[in-house]
Amino acid sequence: MSKNSVPRVGFVSLGCPKAASDAESILTRLRAEGYEVASQYDGADLVVVNTCGFIDAAVEESLDAIGEALAENGKVIVTGCLGAKKDGDGRGIVEQVHPKVLAVTGPHATEEVMTAVHQYLPKPHDPFTDLVPPQGVRLTPDHYAYLKISEGCNHRCSFCIIPSLRGDLVSRPIHDVLREAETLVNAGVNELLVISQDTSAYGVDVKYRTGFVEGRPVKTKLYDLCRELSQLDVWVRLHYVYPYPSVDDIIPLMADGLILPYLDVPFQHANPRILKAMKRPANAENNLERIRRWREICPDITIRSTFITGFPGETEAEFEELLQFLDEAKLDRVGAFAYSPVEGATANELPGALPDEVREERKRRLMEFQEDISTQRLEEKIGREIVVIVDQIDPEEGAICRSEGDAPEIDGLVIVPEGGEMEVGKFYQVRVTDCDVHDLYAEPVWAEE
Ligand code: SF4
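Rules and cut-offs
- Residues numbered from 1 in each chain as written.
- Predicted model: local features only at pLDDT ≥ 70, side-chain atom pairs only at ≥ 80, totals over all residues.
- Heavy atoms only, no water.
- Axes fitted to C-alpha atoms, helices over the stretch in contact; angles between N-to-C directions.
- Helix = DSSP H or I, 4+ residues; strand = E, 2+ residues; numbered from the N terminus.
- Parallel < 35°, antiparallel > 145°, perpendicular 65-115°, else oblique.
- Left-handed = near helix turned anticlockwise from the far one by under 90°.
- Contact = heavy atoms within 4.5 Å.
- Nonpolar A, V, L, I, M, F, W, Y, C, P; charged D, E, K, R; others polar.
- Near = heavy atom within 4 Å.
- Salt bridge = Lys/Arg side-chain N within 4 Å of Asp/Glu carboxyl O.
- Buried < 20%, exposed > 50% of the residue type's maximum accessible area, 1.4 Å probe, protein only.
- Pairing = 2+ DSSP bridges.
- Expected span 1.5 Å × (residues − 1).
- Patch = residues over 30% accessible without salt bridge, like charges linked within 9 Å, V, L, I, M, F, W, Y side chains within 5 Å.
- Areas by Shrake-Rupley, 256 points an atom, 1.4 Å probe, with all protein chains shown as cover.
- Lys, Arg positive; Asp, Glu negative; His and termini not counted.
- Charge placed at Lys NZ, Arg CZ, Asp CG, Glu CD.

**Description of the packing of helix α6 (residues 174-186) against helix α7 (residues 222-230)**
Link 1 in the chain: At their nearest, the axes of α6 and α7 sit 11 Å apart, and the two run at 25° to each other. Considered as vectors, α6 and α7 are oriented roughly parallel to each other. The two elements α6 and α7 cross, and the hand of that crossing is right-handed. Between α6, through Ile174, Val177, Leu178 and Ala181, and α7, the contact on the second element is made entirely by Leu225, Glu228 and Leu229.
Link 2 in the chain: Residues of the contact of α6 with α7, tallied by class, amount to six nonpolar, no polar and one charged.

Following this line, the structure appears as structure tokens:
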């Protein structure tokens, strides 16, 4: 046990925002029970490694992190997506590579992790000596926070193994989500990032059950959730939204300024045959028409999407159809991944696997093609006054901010060189003066919002 006899747990967290949200819930429990938490192995009595198992590179990174924790500390508990991954014979990957780990759980398993921690490092005598703040322990800065509304996914996209790792969709009760959102806002959060595997499906598993929030009936449904969150008077940003018809109802809320005019919609492709082979949700929707309608209702909407290049069987003509789609859709932000065969994904059995070079070359072409479109979209903002939130003050660069169209970590920035006096986490009005491919440059208008 550490010198001051308070048991200390080292915590290493890898992976996506959903994994970070799992990590926050485990860290919150550890702190609530009086454990000390450290971000390194040194002096820790035990280490928890929260892993990612999405693509092969992430598996390798996670296995390396476990190996390092075993070498440096020796007492290691593994949780997260890789923990749930099995080989063809049903044997756990982690257990096979690192048989010395003390316990292995899958994702979203706070209770199991805590049981393992209690077994190998008993709880401190007085659990109230180190009370946790009401908003829990978060990995994000004080002014924004992820709000996870559901776990798992009912789809079976052929390139993805998340449902086999995280299970079918389970929506969190609406009162629970809203209570957490309120606690976060009371603790100083000014931007809530709504996440899940499939945000538009929120409530499907419970048939949009009516819950009660302070005695009022509220449906477990994305539209109702957005309306309720908008009452908190902070930025509300939606991630991982699929283009179902029901999403059309959310856009007027954006147009009315109730939630941010920002939609992160992972389209993944534009060709109907490929979308079908991918088994994508809403693959029969006319997405160009839908985007046109969204922009008609909310002209300021920022649309971000991701695409996969070189999916098995993708022909040159089908890839060009994707470029044509980008040309017409004029999306604001685009990310691309060269298809990577994830172990266990059904897409690996599809005929027509393409060589690595072709997948990579198409990704490069797609990104180059999109670059001009993204730049043009940013150029249209030059001269306009916009509201930004300040993420950081840099002594050289000034205020590093984000606009309504920029999600933290994944989109661009708004750099305000004369913004040294601005305060982190606050909103300001600025005038856009210039841009490059990703970022905007602006001058302060010096009225705090
Ligand atoms: S929607 Fe598809 S890609 Fe997303 S988590 Fe579900 S199965 Fe995976």
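**Some thoughts on the site of the ligand**
Link 1 in the chain: Around the ligand, a shell composed of Cys153, His155, Cys157, Phe159, Cys160, Ile162, Pro163, Gln197, Tyr242 and Arg280 is seen.
Link 2 in the chain: Tallied by class, the residues present in the shell around the ligand amount to seven nonpolar, two polar and one charged.

**Points about the pattern of salt bridges**
Link 1 in the chain: Applying the stated criterion across every chain yields a total of 36 salt bridges.
Link 2 in the chain: Arg365 is the partner of Glu320 in a salt bridge, and the nearest nitrogen-oxygen pair spans 3.8 Å. With Glu320 in helix α11 (residues 316-329) and Arg365 in helix α12 (residues 356-379), this pair connects stretches of sequence that are 45 residues apart.
Link 3 in the chain: Here Glu320 falls in the partly exposed class, since its relative accessible area comes to 40%.
Link 4 in the chain: Counted as one network, the salt bridges with shared partners bring together Asp248, Glu289, Arg290, Arg292, Arg293 and Glu296.

**Some remarks on unusual backbone geometry**
Link 1 in the chain: A positive phi angle, near 55°, is found at His108, a position not held by glycine.
Link 2 in the chain: Mapped onto the fold, His108 is located in the loop between β5 (103-104) and α4 (110-120).
Link 3 in the chain: Accessibility expressed as a relative area gives 48% for His108, which makes it partly exposed.

**Describing the sheet that holds strand β4 (residues 76-80)**
Link 1 in the chain: Ordered by their spatial adjacency, five strands build an open sheet running β2-β1-β3-β4-β5, and the pairing between neighbours is parallel. Two strands lie at the open edges of the sheet, namely β2 (36-38) and β5, each paired on one side alone.
Link 2 in the chain: Bridge analysis of strand β1 (residues 8-13) against strand β3 (residues 46-51) gives five bridges, and the strand direction is parallel. Residue Val9 lies in a different strand from β3, and its bridge partner there is Leu46.
Link 3 in the chain: In the packing of helix α1 (residues 17-32) onto the sheet, the strands contacted are β1, β2, β3 and β4, and the crossing angle to β1 comes to about 175°.
Link 4 in the chain: Each of β3 and β4 is contacted by helix α2 (residues 56-72), which is oriented at about 175° to β3, the strand it contacts most.

**Describing the side chain of Thr309**
Link 1 in the chain: Positionally, Thr309 belongs in strand β14 (residues 302-309).
Link 2 in the chain: Judged by relative accessible area, Thr309 falls into the buried class, the value being 0%.
Link 3 in the chain: With near-sequence residues (within four places) excluded, Thr309 lies in contact with Glu314, Phe319, Phe337, Ala338, Tyr339, Arg359, Arg362, Lys363 and Leu366.

**Things to note about the packing of α11 against α12**
Link 1 in the chain: Two numbers describe how α11 lies on α12: the axes approach to 10 Å, and their chain directions differ by 20°. If you check the angle between α11 and α12, you find them roughly parallel. In this structure, α11 crosses over α12, and the sense of that crossing is right-handed. Here Glu316, Phe319, Glu320, Leu322, Leu323, Leu326 and Asp327 of α11 lie close against α12, whose contacting residues are Arg362, Arg365, Leu366, Phe369, Gln370 and Ile373.

**What to know about α1**
Link 1 in the chain: With 16 residues, α1 extends 22 Å between its outermost C-alpha atoms, agreeing within 8% with the 22 Å of an ideal straight helix rising 1.5 Å per residue.
Link 2 in the chain: Here α1 has its buried residues at Lys18, Ala19, Ala20, Ser21, Asp22, Ala23, Glu24, Ile26, Leu27 and Leu30.

**Some words on a negative patch on the surface**
Link 1 in the chain: On the surface, a cluster of negative charge is contributed by Asp42, Asp56, Glu60, Glu61, Asp64, Glu68, Glu72 and Glu343.
Link 2 in the chain: Inspection of the secondary structure assignment puts Asp42 in the loop between β2 and β3.
Link 3 in the chain: Classification of Asp42 by relative accessible area gives exposed; the value is 63%.

The values reported here are purely geometric and, on their own, carry no functional implication.
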